[in-house]
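# Structural features, examined
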Amino acid sequence: MKKAKQQASKQLTPEQYIRQKARMLPVEDCFMTSDWEKVGESIVLVVRRHVKETYTIGVYLIDTFCLGLKDSYYYFSIDKIDYDNLLERFRRNESLEKISYNEAHNMIFGAIAFAEEAGITPSDSFELTQYLLEEDTEDVPLIEYDYGKNGEHFLCANNRLELNRYLPLLDKNLGKGNYHYIVNDEDAEYKDSMDWLENMEKMMERTASIPEEKYSYCHPEYPAVIRVKNDWLVSLFYDHRNACKLSEATVQKILALPHEELRTDLEQIILYETGCTCGQISESQWNTEYASVIIHCLLLLGALGDARSLPVVLETLCQNEDYYDYHFGDIVGEIYTYVLYRLGKEHLDELFAYLQIPGLYSYARYHIFPAVALIPFYQPERRGEVIDWFRKVLVFYAGRLEKQECCDGILVGLMTKDLLDLQAKELLPELKVLYDTDLVDTGCCGEYSEIEKEMLQGGDSDFRGSVLLDINEIYKKIG
């Protein structure tokens, strides 16, 4: 009995088995949706056979037009009858064709790479299901597929909330006018028509014509040298091998330091590094191997949760566009929503004061809004307070939007996304005042009539589910 218990304790869970042994199983079959080029979607099945004639199957849902790997899941060690029944169910709903493993591999990883050009990462489920595929190396012969539509990313959003989630990424990584999108429940009739394309071109021209606030911030003098008590932190953060990743053990070791001492060290490192990169970043800096110094310090300040660090965090949000490209790339949202929520949720007046500083970069300003919008999801009793805060912001922008003073149409359009997540119908009158100027970027959330309709209809938001509030989970995602 004791031996049987020992053997049972050593048995791997399906997840453990997939991570450790799945790649040693032979590939039995692969299938793919046959009409993927037309519809922009494909289901790819990769089947591996166990020694005892059972089958583990990876299922990959691919958006070839834009989003890459939308989802994936698996069936573990099912018998031959269940396997045949599973294939029959798929064939009833999809037009599947048998393909080689090389075709399946290239379809999946090619779609992921295409989506990553737009800053879109694969579904979190791929962290496990990737082990049902071979490693993506040169050992797998390359097959090139045509992704997108007419060579460009083409987002087919199911609704406005999904559209709002991806537009900032597309703007940031591809540039306005370098992609197309539709909202399926509104625009499907235009999907393949010249009328729709002409309409899209007009909207893009209008978006490009919206004036932006000019960056003019005069920064203070930052430290010229790093003076910290824990020198090993500097070595750790500036080591490019630790870029965007620290182990849980390392995070725990850092957070075990005296908090006051640690907080001071992190702030000093941030201010020093900001001083090194607050102006024009040199070509040699761009070409130096990346070390995510600011990211490490911000995340750790967020983990400490000491609001006294909020002014230093807000100082990083006063920098120019190159600063954010250099330090954060595509992961800036995950970092700032976490840190600003942790440090600013009880200090809305300080966040509002920051918004009143003229001449800042709009995409930096924007990060205040999702952090504030997150508050009612965790503290429902504060919804009224948050609504009043957003009302104060909207009233402040009235009259300033026309002058691009402390705001512009891009910022208001992006903020509207968070008001939709909040279903803040109480703010429709104040929002309409800004949209009536015809200066708001409607590419972010649509025309005012669409926003009003969506807010009044109500609905659930998955906003909170998309935000990580644990430092180790963030490191897992961005590392």
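Residues numbered from 1 in each chain as written. Predicted model: local features only at pLDDT ≥ 70, side-chain atom pairs only at ≥ 80, totals over all residues. Heavy atoms only, no water.

## Description of the packing of aromatic side chains
Using the criterion set out here, one finds 23 aromatic pairs in the structure. The ring of Y341 carries the charged tip of K345 above its face, separated from the ring centre by 5.3 Å. Over the aromatic face of F352 sits the side chain of K392, whose NZ or CZ is 4.6 Å from the ring centroid. (Phe/Tyr/Trp six-rings, centres within 6.5 Å; stacked < 30°, edge-to-face > 60°. Lys NZ or Arg CZ within 6 Å of the ring centre and 35° of its normal.)

## Digging into the sheet that holds strand β2 (residues 41-49)
Spatially, β4-β3-β2-β1-β5 is the arrangement adopted by the five strands of the open sheet, whose pairing is antiparallel. Edge positions in the open sheet fall to β4 (68-78) and β5 (96-98), since each of these has one partner strand only. Direction aside, neighbouring strands of the sheet carry axes that sit 20° apart on average. Strands in contact with helix α5 (residues 101-117) are β1 (27-33), β2, β3 (55-63) and β4; relative to β2, the strand with the most contacts, it is inclined by about 135°. (Pairing = 2+ DSSP bridges. Helix = DSSP H or I, 4+ residues; strand = E, 2+ residues; numbered from the N terminus. Axes fitted to C-alpha atoms, helices over the stretch in contact; angles between N-to-C directions. Contact = heavy atoms within 4.5 Å.)

## Brief notes about the environment of R49
Position of R49 among the secondary structure elements: in strand β2. Residues R49 and L25, spaced 24 residues apart in sequence, show a C-alpha to C-alpha distance of 6.0 Å. Within the structure, R49 has its side chain in polar contact with the side chain of E28 (distance 2.4 Å). (Polar contact = N/O pair within 3.5 Å; in protein donor to acceptor, adjacent residues only side chain to side chain.)

## Re the state of the cysteines
Defined simply, a disulfide is a covalent bond joining two cysteines at their sulfur atoms. The tally for this structure, following the rule as stated, stands at zero disulfides. With no disulfide partner, C278 has as its closest neighbouring cysteine sulfur the one in C276, 8.3 Å distant. Under the relative-accessibility criterion, C278 is labelled buried at 11%. (Disulfide = S-S within 2.5 Å. Buried < 20%, exposed > 50% of the residue type's maximum accessible area, 1.4 Å probe, protein only.)

## Examining helix α14 (residues 293-304)
With twelve residues, α14 should cover 16 Å at 1.5 Å per step; its first-to-last C-alpha distance of 17 Å lies within 8% of that length. Judged by how many residues are buried, α14 sits mostly within the fold: eleven of twelve residues are covered. Taken from the residues just after α14, G305 is the one with a positive phi, measuring 70°. (Expected span 1.5 Å × (residues − 1).)

## Here's the deal with the pairing of β4
In this sheet, β4 lies alongside β3 in antiparallel orientation, the contact comprising eight bridges. Bridge assignment links Y60 to a residue of β4, and that residue is S72. Turn length for the β3-β4 hairpin, with the two strands adjacent in sequence and antiparallel, is four residues.

## Concerning the nonpolar core
Ranked by size, the top nonpolar core spans 99 residues in total, and within it F237, W389, F390 and Y397 carry the most contacts. With nine residues, the single largest contributor to this core is α14. In this structure Y397 touches L355, F369, C406, C407, L411, V412, M415 and L434, once residues within four positions along its chain are discounted. Listed in part, the 25 residues of the second largest apolar core include V46, I62, L69 and F114. (Core = buried A, V, L, I, M, F, W, Y, C linked by side-chain atoms within 4.5 Å.)

## With respect to unusual backbone geometry
Non-glycine residue S77 carries a positive phi angle of around 50°. The topology assignment puts S77 in strand β4. A positive phi angle, near 60°, is found at C244, a position not held by glycine. Note on placement: C244 falls in the loop between α10 (231-237) and α11 (248-255).

## A look at helix α18 (residues 348-355)
Listing the buried residues of α18 in full gives L348, L351, F352, Y354 and L355. All buried residues of α18 project into a common sector of 155° when viewed along the axis, lining one side. Close packing links the buried residues of α18 with α15 (310-316), α17 (332-344), α19 (362-365), α20 (368-373), α21 (375-378) and α22 (383-397). (Arc of directions from axis to C-beta.)

## Observations regarding the packing of α18 against α22
In the contact formed by α18 and α22, the axes pass within 11 Å of each other and the chain directions differ by 15°. Taken together, the axes of α18 and α22 lie roughly parallel to each other. In this structure, α18 crosses over α22, and the sense of that crossing is right-handed. Only E385, W389, K392, V393, F396 and Y397 of α22 make contact with α18, whose side of the interface consists of L348, D349, L351, F352 and L355. (Parallel < 35°, antiparallel > 145°, perpendicular 65-115°, else oblique. Left-handed = near helix turned anticlockwise from the far one by under 90°.)

## Some thoughts on the pattern of salt bridges
This structure, assessed with the given rule, holds 29 salt bridges. The salt bridge partner of D84 is K80, with a shortest N-O separation of 3.0 Å. With D84 and K80 both in helix α4 (residues 80-93) and four residues apart, the pair spans about one turn of that helix. We note a salt bridge from R391 to D388, for which the minimum N-O separation is 3.0 Å. You can see R391 and its partner D388 sitting in helix α22, three residues apart, about one turn around the helix. (Salt bridge = Lys/Arg side-chain N within 4 Å of Asp/Glu carboxyl O.)

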